[in-house]
Amino acid sequence: MNADRIEGLYRQIRGGALQLWGRLTGDHALVLRGRATAFSGAAQASFGRAMGAGRLLGLRRRLGV
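The structure contained in this document is the topic of the report that follows. Along each chain, the written sequence defines residue order, and numbers are assigned to residues from 1. For a predicted model such as this one, the threshold for reporting local features is a pLDDT of at least 70, and the threshold for listing and counting side-chain atom pairs is 80 or more; totals across whole chains, interfaces and linings nevertheless cover every residue. Processing note: side-chain calculations cover all non-hydrogen atoms of the structure and skip hydrogens and water entirely.

1. Things to note about the overall build of the protein
Where we set the bar: Helix and strand definitions here come from DSSP, where helices need a minimum of 4 consecutive H or I residues and strands a minimum of 2 consecutive E residues; each element is numbered from the N-terminal end. Throughout this description, buried means an accessible area under 20% of the type-specific maximum (1.4 Å probe, protein chains only), exposed means over 50%, and partly exposed covers the range between. Whether two residues are in contact is decided by their heavy atoms, any of which lying within 4.5 Å being enough.
The secondary structure content of the protein amounts to three helices and zero strands. Going from N to C terminus, the protein has its helices and strands arranged as α-α-α. Scored against the burial criterion, the 65 residues of the protein give a buried share of 28%. Sequence separation of 24 or more characterises 56% of the internal contacts of the protein that already satisfy a separation of 6 or more.

See the structure below:
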């Protein structure tokens, strides 16, 4: 598990917590911010999985990443 996947999972959990707190307090803006945070976390975790798979195939060396 690489740093991108860990950071992505953290953002997903944090986004879910923000959404829950926004629903409990009735703050619609906080719910939306939580959704955005969770979505960015999902994207980052997906990127981490792709980079991990690319490392297995040797693509990172070829791409220079």
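Let us keep going from here.
2. Comments concerning the environment of R49
Checked against the element boundaries, R49 lands in helix α2 (residues 28-57). Judged by its relative accessible area of 46%, R49 is partly exposed. Linking R49 and M1, residues 48 residues apart in sequence, is a C-alpha distance of 8.2 Å.

3. Details of the environment of G15
Mapped onto the elements, G15 comes out in helix α1 (residues 3-25). You can call G15 buried: its relative accessible area is 0%. Put simply, G15 and L30 are 15 residues apart on the chain and 9.5 Å apart in space, counted from C-alpha to C-alpha. Residues in contact with G15, not counting those within four places in the same chain, are G34, T37 and A38.

4. Details of α1
Rules: Between the first and last residue of a helix there are one fewer steps than residues, each counted as 1.5 Å, and that sum is the expected span.
Taking 1.5 Å per residue, 23 residues should reach 33 Å; α1 reaches 33 Å between its end C-alpha atoms and fits that length. Of the residues making up α1, those classed as buried are G8, G15, L18, Q19 and G22. With its phi angle positive at about 80 degrees, G26 sits one or two positions after the end of α1.

5. Focus on the side chain of N2
Here is the rule: Polar contacts here mean pairs of N or O atoms no more than 3.5 Å apart (in protein, one a potential hydrogen donor and the other a potential acceptor; neighbouring residues in sequence count only if both atoms are side-chain atoms).
Within the fold, N2 resides in the segment before α1. Among the residues examined, N2 registers a relative accessible area of 16% and is labelled buried. A polar contact is formed between the side chain of N2 and the backbone nitrogen of R5, at a distance of 3.0 Å. In this structure the side chain of N2 is engaged in a polar contact, spanning 3.1 Å, whose partner is the backbone oxygen of G48.

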